Amino acid sequence: MPGPNHPLRIIPLGGVGEIGKNMYVFEYGDEIVVIDCGLMFPDEEMFGVDLVIPDITYLRERRGNVKAFLITHAHEDHVGALPYVLPEFPGVPVYASTLARGLLGNKIKEHKLHNNPLIAMEPGDELQIGPFGVLTFRIGHSIPDAMGIALRTPVGTVVHTGDFKFDHTPVDGKLSDFAILARLGEEGVVCLLSDSTRAENPGYTPSERTVGEAFREIMEPLEGRVIVATFASNIARLQQVLDAAATFERQVAIIGRSMEQNSRIATELGYLRFDPSRLVGKDRINDVPDDKLVIATTGAQGSRCPASPGWPTATTGSSRSSPGTPSSCRPARSPATRSTWRGRSTTCSRPVRTSTTTPSAVRASRVTRARKS
Ligand SMILES: [Zn+2]
C-alpha cells in the first residue's frame with residue numbers, strides 16, 4: 001500500500017452543479033473506489049438521447065485500479081448508469097443495501113450483468129477496501145435504506161452524505177444516524193461532500209409525514225377516482241398512498257412498469273406494508289366504483305417551486321426531472337453537456353442512446369468542496 005503522503009483525489013464524474021449523474025471517484029495511490037453511478041434524463045433540447053451517463057474516461061484509463069462501486073441508494077440518478085458502466089469493469093463488486101440490491105437485481109437480469117458480484121452493505125456497516133475504511137450511516141431520504149458513506153483514508157476522513165433530508169418523523173420511522181455523524185465530527189473530517197436538494201434555501205422542509213396528512217385531507221371529500229403521480233422509486237410516497245387509501249377503504253391500482261416492479265420488490269423485501277387485498281390489477285380498475293379507487297402511477301411531482309433566485313419559475317416542465325425535484329424547479333442545463341451518441345446495444349426493447357458529459361474537474365488533484373444545486 002502506498003505511504004501516507006499520497007494525495008487523496010476526489011473526482012466527481014457527474015452530480016456537481018446538476019441534478020443527476022451522481023458519480024464520485026475516490027483515488028488514493030493506485031486504488032480507486034467509486035460512490036454511485038447514476039444517470040440523468042435528457043432535457044428537451046437533447047433530441048434523440050434517452051439517457052445521459054457520466055463520462056468514465058478517467059476510470060477506463062485506470063481500469064485495473066477500480067476496487068469497488070459503493071451505492072448510497074437506489075434512485076436512478078445514483079444507480080441508473082451501472083448497466084452501461086459495469087461491463088467495462090468485470091469482476092468489480094457493487095456494494096449496496098438490501099433494497100438497492102433487490103432493485104438492482106432486475107437491472108442485472110435485464111442487462112445480463114452477471115460478472116459483478118452484488119455485496120451486502122447496510123447502514124451502520126464497516127468494511128475495508130484497500131486503503132479505504134468504509135463506514136456507512138443511515139440517512140433520511142425518499143427511498144428506504146439510503147445511506148451516507150464515511151471513507152477513512154490515510155490522509156483523513158471524508159464524509160459523503162448522499163442525498164439526504166433530516167426528517168425527525170420519517171414515514172418508515174428510521175431516523176438519520178446522528179450518533180455516527182456526531183462521532184465522525186468528533187474524530188475529525190477533512191472533507192464533507194453534502195447533497196440536499198435546495199439546501200441553499202433558508203429554513204426547514206416539513207417532514208414527509210405532512211404529505212400523508214395532506215393525502216388524507218384531499219381524499220376525504222372526493223367522490224371520484226384519485227390519481228397520484230410520483231417517481232417510481234419513491235417507496236415512502238407509495239406507502240403513504242396505500243395508507244391513505246386504506247383509511248377511506250379505496251382499492252389501489254399501481255400502474256407503470258418501473259412502479260409495478262419496484263413496489264413488488266419492496267413488498268417482497270418488507271419495505272412496503274399493506275393489506276394485499278387492497279391492490280387491484282390495472283385490467284380490473286373499471287370494476288371498482290370511482291369513489292373506491294386510487295391509481296398510483298409514475299410521473300413527476302407537481303409541487304410548486306419555492307421562490308428562489310436562480311431557479312426558473314415556470315409552472316410546467318419535463319416529467320423527467322430527478323427524484324425529489326419538482327419538474328418546474330430544474331436548474332439550467334450544464335454547459336458541459338455534449339450529445340455524444342454511444343449507440344450501445346442493450347437488451348431493452350429499443351436501443352438506448354446515451355450521452356456522456358465531461359466533468360470539468362476531472363483532472364483536479366484535490367477537490368475540497370463539491371456541492372449540487
Ligand atoms: Zn436520491
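Treat the numbers as computed from the prediction; the structure is a model and nothing was measured.

## Concerning the confidence of the model for the protein
Here's step 1: Averaged over every residue, the pLDDT of the protein is 81; the share at 70 or more is 79%.
Here's step 2: Note that residues 301–351 has pLDDT below 50 and, in this model, 79 contacts with residues that lie over four places away or in other chains.
Here's step 3: Note on residues 357–373: pLDDT under 50 across the span, and 43 contacts to partners over four residues away in sequence or across chains.

## Topic: the sheet that holds strand β13 (residues 226–230)
Backbone-to-backbone hydrogen bonds pair the strands of a sheet. The strands run either parallel or antiparallel.
Here's step 1: Taking strand neighbours across the sheet as the criterion, the three strands line up as β13-β15-β14 in an open arrangement whose pairing is parallel. Pairing within the sheet leaves two strands with one partner each, and these edge strands are β13 and β14 (251–255). Across the sheet, the mean angle separating the axes of adjacent strands is 20° when strand polarity is ignored.
Here's step 2: Both β14 and strand β15 (residues 293–298) contribute to a ladder of five bridges, which runs parallel. Opposite Ala253, over in β15, you have Ile295 as the bridge partner.

## Some thoughts on the pairing of β13
Here's step 1: With burial as the criterion, only one face of β13 is covered, namely that bearing Val226, Val228 and Thr230; the residues Ile227 and Ala229 on the opposite face remain uncovered.
Here's step 2: In terms of strand pairing, β13 meets β15 through five bridges, oriented parallel. For Val228, the partnering residue across the bridge sits in β15 and is Ala296.

So, how was this worked out
- Residues numbered from 1 in each chain as written.
- Predicted model: local features only at pLDDT ≥ 70, side-chain atom pairs only at ≥ 80, totals over all residues.
- pLDDT = per-residue confidence, 0-100.
- Contact = placed C-beta atoms within 7 Å.
- Pairing = 2+ DSSP bridges.
- Helix = DSSP H or I, 4+ residues; strand = E, 2+ residues; numbered from the N terminus.
- Axes fitted to C-alpha atoms, helices over the stretch in contact; angles between N-to-C directions.
- Buried ≥ 20, exposed ≤ 12 C-beta atoms within 10 Å, placed from the backbone.

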